[in-house]
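Listed below, chain by chain, are the residues.
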Amino acid sequence: MAAAKKAVLGPLVGAVDQGTSSTRFLVFNSKTAELLSHHQVEIKQEFPREGWVEQDPKEILQSVYECIEKTCEKLGQLNIDISNIKAIGVSNQRETTVVWDKLTGEPLYNAVAAPVSPGSSVPVAVVPSGSSVPAAGTSSVWLDLRTQSTVENLSKRIPGNNNFVKSKTGLPLSTYFSAVKLRWLLDNVKKVQKAVEENRALFGTIDSWLIWSLTGGINGGVHCTDVTNASRTMLFNIHSLEWDKELCEFFGIPMEILPNVRSSSEIYGLMKAGALEGVPISGCLGDQSAALVGQMCFQDGQAKNTYGTGCFLLCNTGHKCVFSEHGLLTTVAYKLGRDKPVYYALEGSVAIAGAVIRWLRDNLGIIKSSEEIEKLAKEVGTSYGCYFVPAFSGLYAPYWEPSARGIICGLTQFTNKCHIAFAALEAVCFQTREILDAMNRDCGIPLSHLQVDGGMTSNKILMQLQADILYIPVVKPSMPETTALGAAMAAGAAEGVGVWSLEPEDLSAVTMERFEPQINAEESEIRYSTWKKAVMKSIGWVTTQSPESGDPSIFCSLPLGFFIVSSMVMLIGARYISGIP
């Protein structure tokens, strides 16, 4: 029997999507942006101490090889010739820090990273004044407590009238970004210290580790990163697009261990092993930038929101850096070619989005699965005046109020679990509006629509609520893999590959689902203003004892004080009445 004829589909492009909990490899048709096949492998997270989260860089690398091999096998079963794969792009979890030995190829320590649990929040670095310095979000929200003291010590060295770290990087000094994690490794891991002294150490975020390993490792591997990942290290000057000598000296980081910074779309090197040996790796983007590209947000003022455990909003601000007055981050959006201009973005995050659904499931038990919340919300179609502020660990952008805690208010005897479920979905939408309002104020470009992606976008009630609360259309692509698509587009468009045109007239028309506002503007504003009133009620729940007020006492609690005093009076009175001396 003759062998089945291989399907002819034109040039294909692969994308590695390396996230906090899994690795995937996906293959797209460069002419239609159709997803042809993919494979996913879960990866472990290690918790050596409370507040520490690490991952094994070798396990991450092995998961990439496994995903590539398995996807190629699946393509073979579909009679698709893998020789048509002309390029590979990489999208990765940002800020995660790896240091390895360039002579042996062995990691010198685990990758330092920490997705926050559902009850946690966006990381905050507390500076000596007691104020909170926000750290933004990623594909997950991040926190590694080991670097807290490092941040506190560094913050004392920044002049109050000259925050050169923020002016050069667009970022606040925080536990979130790579520089303080690298500083911790240099201070605490002898293997890292020794390798740096002997000029054997290389540093990189996950993209650098993968590209170096996949392009040969100790046998000529390319040590590089792209501008989007570099801009999240706190060592990169987003204006000059270079590693900054002053920043490296401030953090005490030797510049020779840093990767070369390249554009997000150029040939970095060739695959040196596996089923795709010889295929160029030619695209690299941090996950949120990849989603912005995959959503084709190439114009000033276009924005996307990724709905996951938290929400991550990026707004393209074009060729200019916009510095936020409302707690948002300034970051590099992309640079799609060596000679192409750089684009910048404002980034904001909602700490608790999908996490509030898990909280209702795991803590209150009012739903058995995350999908069930849509059914409950649909039953009532309203919160009946109930508002849910999920400030489990304080309020973040645009409030930055660590004293806040979560509240559910506006309850009546009529309120049931369906109304609370509806209010939880509304909370995600209200928080998104607050970030988008801050973006509008910072860049002065009102959004005409919001492009969305991420797991929660399958909830149609949520998407309709978002359109109603923003009072603009919400647009969702039918193909949800926008992060991987963005990496594939960057790889396919690279000079020397040229199989994916990014010209507006050539971009494939993507089928979109569009949600239009279904309430009037006045009702939208009333609901939003009531939400803001609920937010104000959540503030001030947690107070700290100031040093000036002396030692804390049980009498600081008025009800407890009354109880103790009245108990003493009753006891003395009883003894007096009974005649006990």
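A quick note: this is a predicted structure, and the numbers were derived from the prediction, not measured. (Residues numbered from 1 in each chain as written. Predicted model: local features only at pLDDT ≥ 70, side-chain atom pairs only at ≥ 80, totals over all residues. Heavy atoms only, no water.)

1. Some remarks on helix α10 (residues 354-364)
What counts here: Only protein chains enter the accessibility calculation, which uses a 1.4 Å probe; a residue whose area is less than 20% of its type maximum is buried, one above 50% is exposed, and one in between is partly exposed. Strands are runs of DSSP state E lasting at least two residues, helices are runs of H or I lasting at least four, and both sets are numbered from the N terminus onward.
Every buried residue of α10 is listed here: Gly354, Ala355, Val356, Ile357, Trp359 and Leu360. A positive phi of about 70 degrees marks Gly365, the residue just after α10.

2. Quick notes on the sheet that holds strand β23 (residues 450-453)
What counts, and what does not: At least two DSSP bridges between two strands are required for those strands to pair. Axis lines are fitted to C-alpha atoms, over the contacting stretch for helices. Their N-to-C directions set the angle, which ranges from 0 to 180 degrees. Whether two residues are in contact is decided by their heavy atoms, any of which lying within 4.5 Å being enough.
Spatial ordering of the open sheet is given by β19-β20-β18-β17-β23-β24-β25, a layout of seven strands whose pairing is mixed. Among the strands making up the open sheet, the edge pair consists of β19 (329-334) and β25 (512-515). Strand after strand, the sheet turns through a mean of 30 degrees between neighbouring axes, direction not considered. Summarising the sheet, strand β18 (residues 311-318) and strand β20 (residues 343-350) pair through seven bridges and their orientation is antiparallel. Its bridge partner lying in β20, Leu314 is registered against Glu347. This element, helix α13 (residues 460-470), spans β17 (303-307), β23, β24 (474-477) and β25 of the sheet and lies at about 55 degrees to β25.

3. Overview of the nonpolar core
Soluble globular proteins: nonpolar side chains tend toward being buried together. The cut-off we apply is this: Think of a nonpolar core as a cluster: buried Ala, Val, Leu, Ile, Met, Phe, Trp, Tyr and Cys residues, connected wherever their side-chain atoms sit within 4.5 Å.
Ranked by size, the top nonpolar core spans 67 residues in total, and within it Tyr307, Leu360 and Leu450 carry the most contacts. The element contributing the most residues to this core is helix α12 (residues 417-443), with 16 residues. Grouped together as the second largest cluster of nonpolar side chains are 42 residues, Leu182, Phe203, Phe251 and Ile257 included.

4. Regarding helix α4 (residues 178-188)
The buried fraction of α4 is high, at nine of 11 residues. Looking at α4, one finds that the buried residues are Ser178, Ala179, Val180, Lys181, Leu182, Arg183, Trp184, Leu185 and Leu186. In this structure, the buried side of α4 is in contact with β6 (98-101), β7 (111-112), α2 (148-155), α5 (190-197), β10 (201-204) and α8 (245-251).

5. Focus on the pattern of salt bridges
The cut-off we apply is this: Salt bridges are defined by distance alone: a side-chain nitrogen of Lys or Arg within 4 Å of a carboxyl oxygen of Asp or Glu.
In the structure shown here, the tally under the stated rule is 25 salt bridges. One salt bridge in this structure joins Arg232 and Glu347, with 3.1 Å as the shortest N-O distance. Separated by 115 residues along the polypeptide, Arg232 in the loop between α7 (227-230) and β12 (236-237) and Glu347 in strand β20 bring together distant segments of the chain. Each member of the pair, Arg232 together with Glu347, is buried. A salt bridge links Arg338 to Glu266; the shortest N-O distance between them is 3.4 Å. Taken together, the residues span a long stretch of sequence, with Arg338 in the loop between β19 and β20 and Glu266 in strand β15 (residues 265-270) at a distance of 72 residues. Classification of Glu266 by relative accessible area gives buried; the value is 6%. Each of Arg94, Glu95, Arg232, Asp287 and Glu347 takes part in a single network of salt bridges with overlapping partners.

6. Some points on the side chain of Arg183
Cut-off, in case you're wondering: Any pair of nitrogen or oxygen atoms within 3.5 Å is treated as a polar contact; in protein, a donor-acceptor pairing is required on top of that, and neighbouring residues in sequence qualify only through side-chain atoms on both sides.
When you line up the elements, Arg183 lands in helix α4. Judged by its relative accessible area of 17%, Arg183 is buried. Of note is the side chain of Arg183, whose polar atom sits 3.2 Å from the backbone oxygen of Phe251.

7. Some details on the state of the cysteines
By definition, a disulfide links two cysteine residues through a covalent bond between their sulfur atoms. Note the cut-off: The term disulfide is used for any two cysteine sulfur atoms that are within 2.5 Å.
A complete count under the given rule lists zero disulfides for this structure. Of all cysteine sulfurs, the one in Cys386 lies closest to Cys409, which takes part in no disulfide; the gap is 7.2 Å. Judged by its relative accessible area of 23%, Cys409 is partly exposed.

8. Let's talk about the pairing of β20
With eight of its eight residues buried, β20 lies for the most part within the structure. Burial along β20 is two-sided: the face carrying Tyr343, Ala345, Glu347 and Ser349 and the face carrying Tyr344, Leu346, Gly348 and Val350 are both buried. Bridge count between β19 and β20: five bridges; the pairing is antiparallel. Bridge pairing in β20 links Leu329 to Glu347.

9. Side note on the environment of Arg24
Residue position: Arg24 is located in strand β2 (residues 22-29). Residue contacts for Arg24: discarding those within four places in its chain leaves Ala15, Val16, Asp17, His39, Gln40, Cys67 and Glu481. Among the polar contacts listed, one links the side chain of Arg24 to the side chain of Asp17, at a separation of 2.8 Å. A distance of 2.7 Å separates polar atoms of two side chains, one belonging to Arg24 and the other to Glu481.

10. Considering unusual backbone geometry
One non-glycine residue, Met234, lies in positive phi territory at about 75 degrees. On the secondary structure map, Met234 appears in the loop between α7 and β12. Assessed through its relative accessible area of 1%, Met234 is described here as buried. We note that Tyr384 has phi near 55 degrees; this positive angle belongs to a residue other than glycine.

11. Re the confidence of the model for the protein chain
For clarity, the cut-off: Per-residue confidence from the predictor is reported as pLDDT, which spans 0 to 100.
Per-residue pLDDT for the protein chain averages 85, and the proportion of residues at 70 or more is 86%. Between residues 545-565, whose pLDDT stays under 50, and residues either more than four places distant or in other chains, the model counts nine contacts. Segment residues 574-578 is flagged for pLDDT under 50; beyond a separation of four residues in sequence, or across chains, it makes two contacts in the model.

12. Overview of the packing of helix α9 (residues 287-294) against helix α14 (residues 482-492)
Any two packed helices are characterised by how steeply their axes cross, that is the angle between the axes, and by the distance between the axes. As a reminder of what qualifies: Working definition: roughly parallel below 35 degrees, roughly antiparallel above 145 degrees, roughly perpendicular at 65 to 115 degrees, and oblique for all remaining angles. Here the term charged refers only to Asp, Glu, Lys and Arg, the term nonpolar to Ala, Val, Leu, Ile, Met, Phe, Trp, Tyr, Cys and Pro, and the term polar to all other amino acids, Gly among them.
With their axes 7 Å apart at the nearest point, α9 and α14 run at an angle of 80 degrees to one another. If you check the angle between α9 and α14, you find them roughly perpendicular. Mapping the contact onto sequence places Asp287, Ala290, Ala291, Val293 and Gly294 in α9 and Thr482, Thr483, Leu485, Gly486, Ala487 and Met489 in α14. When grouped by side-chain class, the residues that make up the contact of α9 with α14 number six nonpolar, four polar and one charged.

13. Some points on the environment of Ile267
Position of Ile267 among the secondary structure elements: in strand β15. What Ile267 contacts, discounting residues up to four positions off in sequence, is Arg262, Pro280, Ile281, Ser282, Ala494, Glu495, Gly496 and Val497.

14. Side note on the environment of Glu59
Tracing the backbone through its elements, the reader meets Glu59 in helix α1 (residues 57-77). Through-space distance from the C-alpha of Glu59 to that of Lys44 is 8.3 Å; in sequence the pair is 15 residues apart. Setting aside chain neighbours within four positions, we find Glu59 in contact with Glu42, Ile43 and Lys44. Here the side chain of Glu59 touches Lys44 through a polar contact of 3.2 Å, landing on its backbone nitrogen.

15. Notes on the sheet that holds strand β3 (residues 35-42)
Sheet strands pair by backbone hydrogen bonding; their relative direction is either parallel or antiparallel. Taken in spatial order, the six strands of this open sheet run β3-β2-β1-β5-β16-β15, and their pairing is mixed. The open sheet has two edge strands with one neighbour each: β3 and β15. Strand after strand, the sheet turns through a mean of 25 degrees between neighbouring axes, direction not considered. Note that strand β1 (residues 12-18) and strand β5 (residues 85-92) share seven bridges and pair parallel. Looking at the pairing, Gln18 lines up with Asn92 of β5. Sheet strands in contact with helix α6 (residues 206-214) are β1, β5, β15 and β16 (280-286), and its direction is about 150 degrees off that of β5.

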